[in-house]
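# What the coordinates show
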Amino acid sequence: MKGRFGVFGGQYVPETLMPAVIELEAAFDEAWSDAAFRDELDRLLRTYVGRPTPLTDARRLAAAVGLRRVLLKREDLTHTGAHKINSALGQALLAKRMGKRRVIAETGAGQHGVATATACALLGIECVVYMGTLDMERQRPNVFRMRLLGAEVRAVDAGSRTLKDAVNEAIRDWVTNVRGTYYLLGSAIGMHPYPTIVRELQSVIGREARAQAVDLLGRLPDVVTACVGGGSNAIGTFAAFLDDRGVALRGVEAGGAGLETGRHAASITGGTVGVLHGTKTYVLQDDAGQIRETHSVSAGLDYPGVGPEHAALHDSGRVTYVARTDAEALEGFGLLCRTEGIIPALEPAHAIADLPFVAREHGHDVDVVVCLSGRGDKDLDTVMRSA
Amino acid sequence: MTLTTITGSERISRAFGRARAEGRMAIAIYLTVGFPDRATTPALLRAALDGGADLIELGVPFSDPMADGTTIQRAGEAALRGGVRLEDCVADGASLVSERDATVLLMGYLNPFLRFGPERLAAECVRSGIAGVIVPDLPAEESGELDTVLVPADVARIDLYAPTTPDERLARLLPAARGFVYCVSLTGVTGARAGLSDDVRPFVQRVRGHTTLPVAVGFGIGRPEHVRALRGIADGVIVGSAAIDAVAQGGERALRDLVRSLREAGAA
Ligand SMILES: Cc1ncc(COP(=O)(O)O)c(C=O)c1O
């Protein structure tokens, strides 16, 4: 069925939005099969975003974690410093093609907000970004960046004051202004067709990484890993490897203070099936079906759901999902700084922190590709405070 | 007990039929169960009936109410702080039905209903005489999971339609509608508004072209002049945020007065 990944996915939205999501699906299908649209996006990815991003052979890191090779896919080197720009630019081009004059977005870490504000500045589109007040505090530089880029940042002071609540508010805006507004969703979550649109736009990561790894290694890597918040950098990385049955795929969720404490954001490893933000997937909820508050040191992973395709990949066993805690992520953060001279975002620091566990499970003689989804400038405050 | 001798759809059509026979619009009142607190809700529901409400929508609180404006969001947060669960909503509904023979519907987001279990939901509605269920984040395309158990139980799952719904969609979906048709008056979230949306008249006329069921208009309705303006256009109105605002300002008495004034406006 269209928009479904096994039993997951779907379009659980108010009727007011149904015509809009149907229109969006048709518009994306049409644009995606139009060579002129693809050429324009490729040109911008090359000349503006800085693609292809390098695959860095991280030798000192590999030695430190006990793996033969660790290859870092450097999304941190894109313009704006995270993979979010791949999807933001593609969707902003789509919005323009659909004749929408106004774009709205939600943001957690602020990376998607910055990417969206950037794409809208480039294309001359009005931009409004919703952000939880807790996230505005812990990612202050990104709030300033968005405003510099001409976006209006609207504070969301409801619920847990994080990404989940920003999504609620963005959906409310969309319900109200649906006729002229494009909702530029930032992860592979939400109602169909977003999980598919975002996967397609992010799959450039995996396509490049696969070719670069084969170039470097002369064969496919043994393991490919990425951090999973909503799951966009992970699905974009995994997509190219799904049919390579010999390649183990591994998604790393935010274990927060530890799964046993209940203070985490690990929707697959610590959640149950439910419906949130228009899609059926694994969510963190109580026994009455109320969505639980989440916790993670990284704002970008602090979300109580996950993209529906990941839910299906978990159930099928094709991808293994694990969780690493705040403390482990902070260690991973420091390790990458010291061994490679790369300051990562706290989100992919979870994937770095997981590498010793990869070695434990897969042995030392393996080659691993890690999606380094973003750089750490935005997190310096948080890291300084936790030191 | 005679509860099982009348189905949910029959209850709803009886409520609209009575109002029509009296030459007035039906008044449906939405209240969040557990606002301002759990203990007060039963008395508020009775006050709404005393003021002349024809249907009661029991708002089931949810942590992420994406179709609601601030009034219902805040009411839901208060209810959740008080620990209100779907079981409490069903219990309040059951006593309204048994004491007042009222027409009661549950209105809430899908996830708590799924967690409760669709089959258990259907069984509880039948057992307590709850006439129907309204789920704002469940468009027709996704309704199968609930419909497979609610339809055989004769519990009406009420569809919502919006001004953005095209004619082709109305023509395709309305033949399967049950109970009444819920027309969302505007493109937007719930919340009291000063004026009526320009969309509402042409929209309700479009809906009428595809159904003989009663048509009620909700979202943004809360003043007597709104009800007067909808006379001859719709069969009823649904009032939520304005009812909650009244409760917040003046409790039972203010709610009863509001309902009475709306009912009078619909009869003028
Ligand atoms: C650098 C970085 N990585 C990862 C994420 C998590 O998102 P996703 O799981 O959609 O890739 C974010 C979100 O803000 C981010 O900024």
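Since we're looking at a predicted model, the values are computed, not measured.

Along the backbone of chain B there are eleven helices and nine strands. Against the compact-globule benchmark of 18 Å for 268 residues, chain B has a radius of gyration of 17 Å, which places it among compact chains. By principal-axis analysis of the C-alpha atoms, chain B measures approximately 40 × 40 × 35 Å. Burial status across chain B gives 62% buried among its 268 residues. Counting only contacts in chain B whose residues sit at least 6 apart along the sequence, the fraction spanning at least 24 positions is 75%.

Moving on, we come to the sheet that holds strand E3 (residues 103-107) of chain B. Residue and element names in this part refer to chain B. A sheet is described by the order of its strands in space; here nine strands give the open sequence E5-E4-E3-E2-E1-E9-E8-E7-E6, paired in parallel fashion. In the strand order of this sheet, the two ends are held by strand E5 (156-158) and strand E6 (160-161), each with one partner. As defined by bridge partners, strand E7 (residues 181-184) adjoins strand E8 (residues 215-218) across four bridges and the pair is classed as parallel. Along E8, the bridge assignment pairs Val184 with Gly218. Packed onto the sheet, helix H1 (residues 8-21) meets strand E1 (26-32), strand E2 (55-59), E3, E5, E8 and strand E9 (236-239) and runs at close to 120 degrees relative to E3.

Taken together, the contact between chain B and chain A spans 36 residues of the former and 36 residues of the latter. Contact between chain B and chain A buries roughly 2,900 Å² in total, counting both sides, with carbon and sulfur atoms accounting for 48%. Counting across the chain B and chain A interface gives six salt bridges. Across the contact surface, chain B and chain A share 20 residue pairs in polar contact (both at pLDDT 80 or more). Of all the secondary-structure elements, those providing two or more residues to the side of chain B that touches chain A are helix H3 (70-81), helix H5 (110-116) and E6 of chain B. Within the side of chain B that touches chain A, the residues separate by chemical class into 18 nonpolar, seven polar and eleven charged.

This part takes up the nonpolar core. Residues B:Ile29, B:Leu31, B:Ile56, B:Leu106, B:Phe180, B:Tyr182 and B:Leu255 are the most contacted members of the largest nonpolar core, which totals 98 residues. Ranked by residue count, the leading element in this core is helix H11 (residues 241-265) of chain B, at ten residues. Of all hydrophobic cores here, the second largest spans 69 residues; its members include A:Phe37, A:Leu123, A:Met191 and B:Phe62.

Let's shift gears to the packing of aromatic side chains. Evaluated as defined, the whole model comprises nine aromatic pairs over all chains. When the ring of B:Tyr182 is compared with that of B:Phe219, the centres are 6.1 Å apart and the planes differ by 85 degrees; the resulting orientation is edge-to-face. Here B:Tyr182, found in strand E7, pairs with B:Phe219, found in the loop between E8 and helix H10 (224-230); they are 37 residues apart in sequence, far enough to count as distant. Residue B:Tyr182 shares its accessibility class with B:Phe219, and that shared class is buried. Taken together, the ring pairs in this structure connect B:Phe16, B:Phe180, B:Tyr182 and B:Phe219 into an aromatic cluster. Taking NZ or CZ as reference, A:Arg38 lies 3.7 Å from the ring centre of A:Trp32, over its face. Between A:Arg324 and the ring centre of A:Phe357, over which it is positioned, the NZ or CZ distance is 3.5 Å.

It is worth spelling out the pairing of E8(B) at this point. Residues and elements named next belong to chain B. Covered by surrounding structure in E8 are Val215 and Val217 together with Ala216 and Gly218, the residues of both alternating faces. The parallel pair E7 and E8 is bridged by helix H9 (residues 200-208), and the resulting crossover is right-handed. The pairing of E8 with E9 spans two bridges and is parallel. Note on E9: the bridge partner recorded for Val217 is Val237.

Looking now at the sheet that holds strand E3 (residues 55-57) of chain A. All names here are of chain A. Strand order in this open sheet of six strands is E3-E4-E14-E9-E10-E13, and the pairing throughout is mixed. The open sheet terminates on both sides in strands that have one partner only, identified here as E3 and strand E13 (319-325). On average, each strand axis in the sheet is tilted by 25 degrees relative to the strand beside it, whichever way the strands run. Across the sheet, helix H9 (residues 194-217) lies against E3, strand E4 (69-74) and strand E14 (367-372), angled at about 145 degrees from E4, the strand it touches most. Sheet strands touched by helix H13 (residues 326-340): E4, strand E10 (248-256), E13 and E14. Its angle to E13, the strand with the most contacts, is close to 90 degrees.

Residue and element names in this part refer to chain B. Among the structural elements, His226 can be located in helix H10. Overall, the relative accessible area of 2% leaves His226 in the buried class. A polar contact is formed between the side chain of His226 and the backbone nitrogen of Gly222, at a distance of 3.1 Å. Sequence-distant contacts of His226, defined by excluding residues within four places in its chain, comprise Arg193, Ala194, Gly195, Leu196, Gly220 and Ile221.

Attention now goes to helix H4 (residues 84-97) of chain A. Residue and element names in this part refer to chain A. Look at H4: 20 Å from first C-alpha to last across 14 residues, which is about the 20 Å you get at 1.5 Å a residue. With respect to burial, H4 is a largely interior element, twelve of its 14 residues being buried. If you check which residues of H4 are buried, you get Lys84, Ile85, Asn86, Ser87, Ala88, Leu89, Gly90, Gln91, Ala92, Leu93, Leu94 and Ala95. Downstream of H4 by one or two residues, Gly99 has phi in the positive range, about 80 degrees.

Residue and element names in this part refer to chain A. The immediate surroundings of the ligand are formed by 19 residues, with Ser187, Gly229, Gly231, Ser232 and Ser373 found nearest. Within the backbone of Gly231, a nitrogen or oxygen atom sits 2.7 Å from an oxygen atom of the ligand. Computed on the free molecule, the ligand has an accessible area of 390 Å², of which 97% lies beneath the protein chains in the complex. Its residues assigned to classes, the shell around the ligand comprises six nonpolar, eleven polar and two charged.

All names here are of chain B. Here helix H4 (residues 86-100) spans 21 Å end to end across 15 residues, near enough to the 21 Å set by a 1.5 Å rise per residue. Listed as buried for H4 are Leu86, Cys89, Val90, Asp92, Gly93, Leu96 and Val97. Viewed along the axis of H4, the buried residues span an arc of 165 degrees, placing them on a single side of the element. Looking one or two places after H4, you find Asp101, whose phi comes out positive at around 55 degrees.

Turning our attention to the confidence of the model for chain B. Here chain B averages 96 in pLDDT, while 99% of its residues score no lower than 70. Scoring of the predicted complex yields 0.97 for pTM and 0.96 for ipTM.

Let us look at the pattern of salt bridges. Residues and elements named next belong to chain A. Tallying each qualifying case throughout the model produces 62 salt bridges over all chains. The shortest N-O distance in the salt bridge between Asp354 and Arg324 comes to 2.6 Å. Of this pair, Asp354 sits in the loop between helix H14 (346-353) and helix H15 (355-362) while Arg324 sits in strand E13; the two residues are 30 residues apart in sequence, bridging distant segments of the chain. Arg324 carries the same exposure label as Asp354, and that label is buried.

Thresholds, definitions, all that
- Residues numbered from 1 in each chain as written.
- Chains lettered and ligands numbered in written order.
- Predicted model: local features only at pLDDT ≥ 70, side-chain atom pairs only at ≥ 80, totals over all residues.
- Heavy atoms only, no water.
- Helix = DSSP H or I, 4+ residues; strand = E, 2+ residues; numbered from the N terminus.
- Rg over C-alpha atoms; globule rule 2.2 N^0.38 Å.
- Buried < 20%, exposed > 50% of the residue type's maximum accessible area, 1.4 Å probe, protein only.
- Contact = heavy atoms within 4.5 Å.
- Pairing = 2+ DSSP bridges.
- Axes fitted to C-alpha atoms, helices over the stretch in contact; angles between N-to-C directions.
- Buried area = accessible area lost by both parts, 1.4 Å probe.
- Salt bridge = Lys/Arg side-chain N within 4 Å of Asp/Glu carboxyl O.
- Polar contact = N/O pair within 3.5 Å; in protein donor to acceptor, adjacent residues only side chain to side chain.
- Nonpolar A, V, L, I, M, F, W, Y, C, P; charged D, E, K, R; others polar.
- Core = buried A, V, L, I, M, F, W, Y, C linked by side-chain atoms within 4.5 Å.
- Phe/Tyr/Trp six-rings, centres within 6.5 Å; stacked < 30°, edge-to-face > 60°.
- Lys NZ or Arg CZ within 6 Å of the ring centre and 35° of its normal.
- Right-handed = clockwise from strand over helix to strand, strands pointing away.
- Expected span 1.5 Å × (residues − 1).
- Near = heavy atom within 4 Å.
- Areas by Shrake-Rupley, 256 points an atom, 1.4 Å probe, with all protein chains shown as cover.
- Arc of directions from axis to C-beta.
- pLDDT = per-residue confidence, 0-100.

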